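Structural overview for review
Chain by chain, the residues:
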Amino acid sequence: GAVVSQHPSWVICKSGTSVKIECRSLDFQATTMFWYRQFPKQSLMLMATSNEGSKATYEQGVEKDKFLINHASLTLSTLTVTSAHPEDSSFYICSASFGGQGSPLHFGNGTRLTVT
Amino acid sequence: SQQGEEDPQALSIQEGENATMNCSYKTSINNLQWYRQNSGRGLVHLILIRSNEREKHSGRLRVTLDTSKKSSSLLITASRAADTASYFCATGGTGGFKTIFGAGTRLFVKA
């Protein structure tokens, strides 16, 4: 149980276009999901906390107008990278918590975004 | 700023040897978790240790936690080539609270 599916696993897009990444909890309801960004050989950087039915909470330095997060249901959160630029190329990973406080996070397999 | 910092950054060992990774953190925690990441994939939860626990085992994994020193260690015994991955410690809570990841230790187990 506690499977998180992330789609697509990789995407290549042109500068100026927008890309949507989906994160689904397949067998549990996730009121909160998290979006991370990871550069090669580095740790995960928390971008934002996605809350079902309310606005996402963004970390300092993350542009909310550029990285649009929507958490319309208890099983789906989406991250849209708007007007993508080459510097947005990265590995994006979502996670969700199953259970109450003290439960571990379950991760999607990540999305490799390349902006040309 | 990141909460956890792993040491060493990279570790290369022979199959069958033990691998020890350390993690230090800065503030009070409710629990500390260890995760594993294979190259280009998401993270997999390995083990969680609560702030009132000192040691925990799971198969070939042993985790210790010293809250007075704000540090934790992950020991993988009898390592296998398949253990090759990056290992991250993470601190904080869940259920709406942020979990902050350390820089990670890249483990390479040679067959």
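Quick look at the structure, then. Every value quoted in this text rests on a predicted model; they were computed, and no experiment measured them. (Residues numbered from 1 in each chain as written. Chains lettered and ligands numbered in written order. Predicted model: local features only at pLDDT ≥ 70, side-chain atom pairs only at ≥ 80, totals over all residues. Heavy atoms only, no water.)

1. Description of the sheet that holds strand S1 (residues 4–7) of chain A
Residues and elements named next belong to chain A. Note the following rule: Strands are treated as partners if at least two bridges between them are detected by DSSP. Strands here are runs of E lasting at least two residues and helices are runs of H or I lasting at least four, both read from the DSSP assignment and numbered beginning at the N terminus. Angular values range over 0 to 180 degrees, each being the angle between N-to-C directions of two axes fitted as lines to C-alpha atoms, with helices fitted over their stretch in contact.
With antiparallel pairing, the four strands of this open sheet are ordered in space as S1-S3-S8-S7. The sheet is open, and its two borders are formed by S1 and strand S7 (67–73), each paired with just one other strand. Strand-to-strand twist across the sheet, computed as the mean angle between neighbouring axes with direction ignored, equals 15 degrees. One ladder, built from four bridges, connects S1 with strand S3 (residues 19–25); its direction is antiparallel. Paired with His7 across the two strands is Glu22, which belongs to S3.

2. Brief notes about the interface of chain B and chain A
How we decide: Should any heavy atoms of two residues lie within 4.5 Å, those residues are counted as being in contact. The salt bridge criterion pairs a side-chain nitrogen of Lys or Arg with a carboxyl oxygen of Asp or Glu, the two atoms within 4 Å. Residues adjacent in sequence count toward polar contacts only when both atoms are side-chain atoms; beyond that, a polar contact is any pair of N or O atoms within 3.5 Å, and within protein one must be able to donate a hydrogen and the other to accept it. In this classification, the charged set is Asp, Glu, Lys and Arg, the nonpolar set is Ala, Val, Leu, Ile, Met, Phe, Trp, Tyr, Cys and Pro, and all remaining amino acids, among them Gly, are polar.
Taken together, the contact pairs 24 residues of chain B with 23 residues of chain A. On inspection of chain B and its partner chain A, the count reaches zero salt bridges. Across the chain B-chain A interface, the total number found is four residue pairs in polar contact (both at pLDDT 80 or more). For the side of chain B that touches chain A, the secondary structure elements donating two or more residues are strand S4 (31–37), strand S5 (43–50) and strand S10 (99–101) of chain B. Grouping the amino acids of the side of chain B that touches chain A by side-chain chemistry returns seven nonpolar, 13 polar and four charged.

3. Considerations on the sheet that holds strand S1 (residues 5–7) of chain B
Residue and element names in this part refer to chain B. The antiparallel open sheet is built from five strands, whose spatial order is S1-S3-S8-S7-S6. A strand with exactly one partner marks an edge of an open sheet, and here the two such strands are S1 and strand S6 (55–58). Pairs of neighbouring strands in the sheet enclose a mean axial angle of 20 degrees, with direction left out of account.

4. Concerning the state of the cysteines
This is how it is decided: The disulfide definition used here is simple: a pair of cysteine sulfur atoms within 2.5 Å. Buried, partly exposed and exposed residues are distinguished by accessible area as a fraction of the type maximum, computed with a 1.4 Å probe on protein chains only: under 20%, between the cut-offs, and over 50%, respectively.
Tallying each qualifying case throughout the model produces two disulfides over all chains. With a sulfur-sulfur separation of 2.0 Å, Cys23 of chain A is cross-linked through a disulfide to Cys94 of chain A. Linking Cys23 of chain A and Cys94 of chain A, the disulfide has an S-S dihedral of approximately 85 degrees and is accordingly described as right-handed. Note that Cys23 of chain A is positioned in strand S3 and Cys94 of chain A in strand S9 (residues 90–97), a separation of 71 residues in sequence. The class of Cys94 of chain A is buried, set by a relative accessible area of 0%. With its sulfur 2.0 Å from that of its partner, Cys23 of chain B forms a disulfide with Cys89 of chain B. Residues Cys23 of chain B and Cys89 of chain B are joined by a disulfide whose S-S torsion is about 65 degrees; by sign, that bridge is right-handed. In this pair, Cys23 of chain B is assigned in strand S3 (residues 19–24) and Cys89 of chain B in strand S9 (residues 85–92), connecting sequence segments 66 residues apart.

5. Digging into the layout of surface pockets
It is a probe the size of a water molecule, rolled over the atoms, that shows where empty space is left. Residue and element names in this part refer to chain B. Counted only if it meets this: Definitions used throughout: a 1 Å grid over protein atoms alone; a cavity as a set of points that fits a 1.4 Å probe which cannot get out; a pocket as an open set with protein on both sides within 12 Å along at least five of seven lines; a lining residue as one with an atom within 4 Å of a point. Grid points are joined across faces, edges and corners, and a volume is the space filled by probe spheres set on the points.
One number sums up the size of the largest pocket: a volume of about 540 Å³. Among the elements of the structure, S9 and strand S11 (105–110) are those that each provide at least two residues to the lining of the largest pocket. If you tally residues by element for the lining of the largest pocket, the top one is S11, at four residues. Of the residues in the lining of the largest pocket, the class split is eight nonpolar, 12 polar and three charged.

6. A short note on the nonpolar core
Residues and elements named next belong to chain A. Condition: Buried residues of nine kinds, namely Ala, Val, Leu, Ile, Met, Phe, Trp, Tyr and Cys, make up a nonpolar core once their side-chain atoms join them within 4.5 Å.
Trp35, Phe67, Leu79, Tyr92 and Leu113 are the most contacted members of the largest nonpolar core, which has 25 residues in total. Elements with a minimum of two residues in this core: strand S2 (10–13), S3, strand S4 (32–38), strand S5 (44–51), S7, strand S8 (76–81), S9 and strand S11 (111–115). Residue contacts for Leu79: discarding those within four places in its chain leaves Val19, Lys20, Ile21, Trp35, Phe67, Leu68, Ile69 and Tyr92.

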